[in-house]
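A closer look at the structure
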Amino acid sequence: MNSQKQIKFGAVISYAAVFINIIATLIYTPWMVAQIGQSNYGLYTLATSLISLFLVDFGISSATSRFLSKYRAEGKQKEIEQLLGATYKLFLGLDLLLLIAVSIVYIFMGDIYAKLNPSELQTFKILFIIVAGFNLISFPTMPLNGILTSYEKFIQLKVCDLFRKLFTIALVVVALLFNMGVVAVVLANAVAGTITILIKLIIIKAQIGVKASFRSSGKGIYRMIFGFSIWITLISFAQKFIYNMASSVLGIVSGSIAIAIFAPASSIGSYYYTFAEAINGLFLPTISRKIASNREDEITPLMIKVGRFQMFVLGWLFVGFICVGKEFMVLWMGPDYVMSYYCTILVLFPALLEYSQQIGKTTIIAKNLVKWQAIGFCIIGVVTLGLSFLLGYFWGALGVCASICIAGCANVVWQSYIFSHKLNIDMKAFYKKCYLPAFLPIAASVVLGIFLLSLISHTGWMYLVIKAIIVSAIYLLLFFLFGTSRDGKRQILEKLKLHRS
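These remarks concern the structure in this document. Treat the numbers as computed from the prediction; the structure is a model and nothing was measured. The written sequence of each chain sets the order in which its residues are numbered from 1. pLDDT decides what is reported in this predicted model: residues at 70 or higher carry local features, side-chain atom pairs at 80 or more are listed and counted, and totals for whole chains, interfaces and linings draw on all residues regardless. Hydrogens and water are ignored here; the side-chain numbers use all heavy atoms of the structure.

So, on to the overall build of the protein. Counting its regular elements, the protein contains 20 helices and zero strands. Here the globule rule is a power law, 2.2 Å times the number of residues to the power 0.38, and the radius of gyration is based on C-alpha atoms. Relative to the globule expectation of 23 Å for 501 residues, the C-alpha radius of gyration of the protein, 24 Å, shows essentially globular dimensions. With respect to the principal axes defined by its C-alpha atoms, the protein has extents near 60 × 60 × 55 Å. When accessible area is computed with a 1.4 Å probe and restricted to protein chains, residues below 20% of their type maximum are described as buried, those above 50% as exposed, and intermediate ones as partly exposed. Per-residue burial for the protein yields a buried fraction of 48% across its 501 residues. Put simply, DSSP H or I for four residues or longer makes a helix, DSSP E for two residues or longer makes a strand, and each gets a number counted from the N terminus.

One speaks of a salt bridge when a side-chain nitrogen belonging to Lys or Arg is within 4 Å of a carboxyl oxygen belonging to Asp or Glu. Applying the stated criterion across every chain, the model contains nine salt bridges. Ionic pairing is found between Lys-367 and Glu-296, a salt bridge with its closest N-O pair at 2.9 Å. Of the two residues, Lys-367 sits in the loop between α16 (358-366) and α17 (370-421) while Glu-296 sits in the loop between α13 (284-292) and α14 (299-333), which places them 71 residues apart along the sequence. A residue is classified by how much of its surface remains accessible, and Lys-367, at 26% relative accessible area, is partly exposed. Ionic contacts of the salt-bridge type, sharing partners, join the residues Lys-70, Glu-74 and Lys-76 into one network.

Core analysis: the largest hydrophobic core is formed by 121 residues, its most contacted members being Ile-147 and Phe-283. Of the residues forming this core, the biggest block, 16 residues, is contributed by α14. A contact between two residues is defined here by any heavy atoms of the two lying within 4.5 Å. For Ile-147, the residues in contact, after removing those within four places along its chain, are Leu-68, Leu-84, Tyr-88, Ile-204, Ile-208 and Val-210. Among the buried residues, those of types Ala, Val, Leu, Ile, Met, Phe, Trp, Tyr and Cys that are joined through side-chain atoms within 4.5 Å form a nonpolar core.

Aromatic pairing here means that ring centres of Phe, Tyr or Trp (its six-membered ring) are within 6.5 Å. Orientation follows from the plane angle: under 30 degrees is stacked, over 60 is edge-to-face, and everything else is tilted. This model, assessed by the stated rule, comprises 21 aromatic pairs. Pairing Phe-328 with Trp-461 gives two aromatic rings, centres 6.0 Å apart and planes at 80°, and the pair type is edge-to-face. A residue pair is termed long-range when its members are at least 10 positions apart, and Phe-328 in helix α14 and Trp-461 in helix α19 (residues 461-483) qualify at 133 residues. Owing to a relative accessible area of 46%, Trp-461 belongs among the partly exposed residues under this scheme. Ring pairing ties together the aromatic residues Phe-312, Trp-316, Tyr-475 and Phe-479, which thus form one cluster. In our convention, an over-ring charge means Lys NZ or Arg CZ found within 6 Å of a ring centre and within 35 degrees of that ring's normal. Positioned above the aromatic ring of Tyr-106, the side-chain terminus of Lys-125 is 5.7 Å from the ring centre. Lying over the aromatic face of Trp-372, Lys-422 brings its terminal NZ or CZ to 4.0 Å of the ring centre.

In this structure, Asn-294 takes a positive phi of about 55° despite not being glycine. Tracing the chain through its elements places Asn-294 in the loop between α13 and α14. In this model, Asn-424 sits at a positive phi of 60°, which is unusual for a non-glycine residue. Examined against the element boundaries, Asn-424 turns out to sit in the loop between α17 and α18 (427-453). Note on Asn-424: relative accessible area 65%, which makes it exposed.

Attention now goes to helix α6 (residues 118-138). One less than the residue count of a helix, multiplied by 1.5 Å, gives the span that helix is expected to have. Between its first and last C-alpha, α6 extends 30 Å over 21 residues, near the 30 Å set by a 1.5 Å rise per residue. The N-cap of α6, judged by a side-chain oxygen 3.1 Å from the amide nitrogen of Ser-119 a few residues on, is Asn-117. Any pair of nitrogen or oxygen atoms within 3.5 Å is treated as a polar contact; in protein, a donor-acceptor pairing is required on top of that, and neighbouring residues in sequence qualify only through side-chain atoms on both sides.

The next thing to look at is a nonpolar patch on the surface. Judged by side-chain polarity, Leu-96, Leu-97, Leu-99, Ile-100, Ile-104, Ile-107, Phe-108 and Ile-112 come together as a nonpolar surface patch covering roughly 790 Å² of accessible area. Sorting elements by how many residues they give to the nonpolar patch places helix α4 (residues 77-107) first, with six residues. By the element assignment, Ile-112 lies in helix α5 (residues 109-112). Patches here are clusters of residues that have more than 30% relative accessible area and form no salt bridge, with a 9 Å joining cutoff for like charges and a 5 Å cutoff for nonpolar side chains (Val, Leu, Ile, Met, Phe, Trp, Tyr). Computed with the Shrake-Rupley method and a 1.4 Å probe, the accessible areas treat only the protein chains shown as cover for residues.

Our next topic: the environment of Leu-121. If you trace the backbone, Leu-121 turns up in helix α6. Judged by its relative accessible area of 16%, Leu-121 falls in the buried class. The sequence separation of Leu-121 and Lys-361 amounts to 240 residues, and the corresponding C-alpha distance is 44 Å. Dropping the residues within four chain positions of it, Leu-121 is found in contact with Met-109, Gly-110 and Leu-116.

Distances and angles like these do not, on their own, reveal function.
In structure tokens form, the structure reads like this:
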């Protein structure tokens, strides 16, 4: 199967996996809490979140994908094998440090979590051993995703991810139905994850056959990996500065009520981010080939094409939330969370613009210019933190979300500068052919949708679904009329005719 079909079907499967994950989380999480109890659910959350603090790969996974794609585009098989050998050594070294860290936490667990009673502490230790054990096994296998991505096995990669989600859900449901307790729920995640890793290993051996060389990695490879990954790490920490520090800032300047109002906006924002990142990495091999064969002039048309698709999908979600989000928030969280609706809009708006520039971000990685992106992120992160304290003090959660919105918009401007001046991407053409056609359908759908829905006085989950369908129909029609190019309209109509016949 060629790379275009791999990308197309890989993206569809990826979106399906994200959608299933979101729906499943919303549906079975309350059931899980009811079955295992609030205390055990808290222990389950604590165990997974504690281990996640240690699972930092310092950008090595991104470096692996980047250089594998580059070497494959250049036909350098020896360098590929050496790179994989060096990567596995690094991950095994980090895994040893992880083992030491989790062992220390386990030894002093009683002192660290003194508020847990003896029964809770005993249960937590078991959960911690299961979660830590699985992550110690899976951590060195992180390069597997990079290998599958670089060799454009997107369908296989995304099917594995989808399989893990569905299999985990199935095992968790069985555990809950038979009242097996929280230990079985955690084991379900570990079993599904382990089987998925084995499947990926089989796919790589059968369909790719690439092997790692542990003989002569050389200092140059490690220098190259760390020279790239250090900037990825800085970006990661800067993003945490912007988003993850928000709750702590509110805890300092505002209080628990503001944190509670911010929490739903943060959750929906993370789902939006997950949806936007569904196609992340799919185009890295393609762009690497264009760079290697001196066809960089083809990147701008590709960015416009992918950007228009992202604007269509993310615009659909954005319009839907603006029109029915307030009612959804009240039904989901209660009438005290109306302010969370406005907070969420502030979080989503810059993401709509930022994530439609995915090809440009991938090109930054392919051309190893992440340094410039990291510099911008660090400056924006520090300024945003200061703004969060200031605006959060006066306006609570709304002020912090306003600072996140400002940070996102500033990042869009900075990225546009990098794309234009460092990558020679025609950003004027991108704005004209991507953002401009999408503006009218999005704005008109919001205005028309809010007006029509104001005529429906009934509330409830069933009416919410009906309203969402009405808004979707309005958006799809307007986007077809005003946001789709002439060729795009022709292709859609031809496909509709084929389905009719």
